[in-house]
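Each chain, letter by letter, is given below.
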Amino acid sequence: MVVTRFECPNLVTLLLLLVLHVRIKRDVRRYGRGLIGSRAVVDWRRRTMWSVSLWPDLDSVYSMGSVPRHVIGSRVPRRLGVATSCGVFCFAGDWRRVMFRSPAPPRSPLHPLEPGSS
């Protein structure tokens, strides 16, 4: 999962970034490899947007580098005075193992389950 935070100086800039996000997402789906889903989450009062994207593996994340609109679009926020931060979050284990230290096997929900498993 990749989470990018955009802190905008005003609402016009925030709206512009939302439009840009939709256009980039379309191209990443078309020309990238592996994107499972992507959403923009907006806090209007704070003029902040988070882009959250879900990928099956780290190699798929690198495919964004071959999407021209993403490469060009990644330079836009700074020019508009937008402060950004981005992080890549990886699978930490089955929820039972993480929350309760259970010996549950580490099966990622991003990959198919074996037949008959629950």
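All of these numbers come straight from a predicted model, not from anything done at the bench.

Rules used in this analysis
- Residues numbered from 1 in each chain as written.
- Predicted model: local features only at pLDDT ≥ 70, side-chain atom pairs only at ≥ 80, totals over all residues.
- Heavy atoms only, no water.
- Pairing = 2+ DSSP bridges.
- Helix = DSSP H or I, 4+ residues; strand = E, 2+ residues; numbered from the N terminus.
- Axes fitted to C-alpha atoms, helices over the stretch in contact; angles between N-to-C directions.
- Contact = heavy atoms within 4.5 Å.
- Phe/Tyr/Trp six-rings, centres within 6.5 Å; stacked < 30°, edge-to-face > 60°.
- Salt bridge = Lys/Arg side-chain N within 4 Å of Asp/Glu carboxyl O.
- Buried < 20%, exposed > 50% of the residue type's maximum accessible area, 1.4 Å probe, protein only.
- Polar contact = N/O pair within 3.5 Å; in protein donor to acceptor, adjacent residues only side chain to side chain.

The strand order S2-S3-S1-S4 describes an open sheet built from 4 strands, whose pairing is antiparallel. The open sheet is flanked by strand S2 (37-43) and strand S4 (83-88), the only strands paired with a single partner. Each neighbouring strand pair of the sheet contributes to a mean axis angle of 15°, computed without reference to strand direction. Relative to strand S3 (residues 48-54), strand S1 (residues 2-7) runs antiparallel, the two being bridged by 6 bridges. Across the sheet, residue Val2 finds its bridge partner in S3, namely Ser53. Here helix H1 (residues 11-31) sits on the sheet in contact with S1, S2 and S3, set at roughly 175° to S2.

Turning to the packing of aromatic side chains, a few remarks are in order. As enumerated under the stated definition, the model contains 1 aromatic pair in all. Centre to centre, the rings of Trp95 and Phe100 are 6.1 Å apart; their planes meet at 75°, and the pair counts as edge-to-face.

Glancing now at the pattern of salt bridges. All told, the structure shown has 5 salt bridges when counted by the stated rule. Note that Glu7 is salt-bridged to Arg5, the shortest N-O span being 2.7 Å. What makes Glu7 partly exposed here is its relative accessible area of 36%. Residue classification places Arg5 among the partly exposed residues on the basis of a relative accessible area of 29%. As a salt-bridge pair, Asp43 and Arg46 come within 2.9 Å of each other at their nearest N and O atoms. Arg46 gets classed as exposed once you look at its relative accessible area, which sits at 59%. Because the salt bridges share partners, they merge into one network encompassing Asp27, Arg30 and Arg69.

Considering the arrangement of structural elements, one finds Met49 in strand S3. Separated by 13 residues in sequence, Met49 and Ile36 have C-alpha atoms that sit 20 Å apart. The contact partners of Met49, leaving out residues within four places of it in the chain, are Thr4, Arg5, Phe6, Leu14, Leu17, Leu18, His21, Ala40, Val41 and Val42.

Attention shifts here to the side chain of Ser51. Summarising the element assignment, Ser51 is placed in strand S3. Relative accessible area serves as the criterion here: at 11%, Ser51 is assigned to the buried category. A polar side-chain atom of Ser51 sits 3.0 Å from a polar atom in the side chain of His21.

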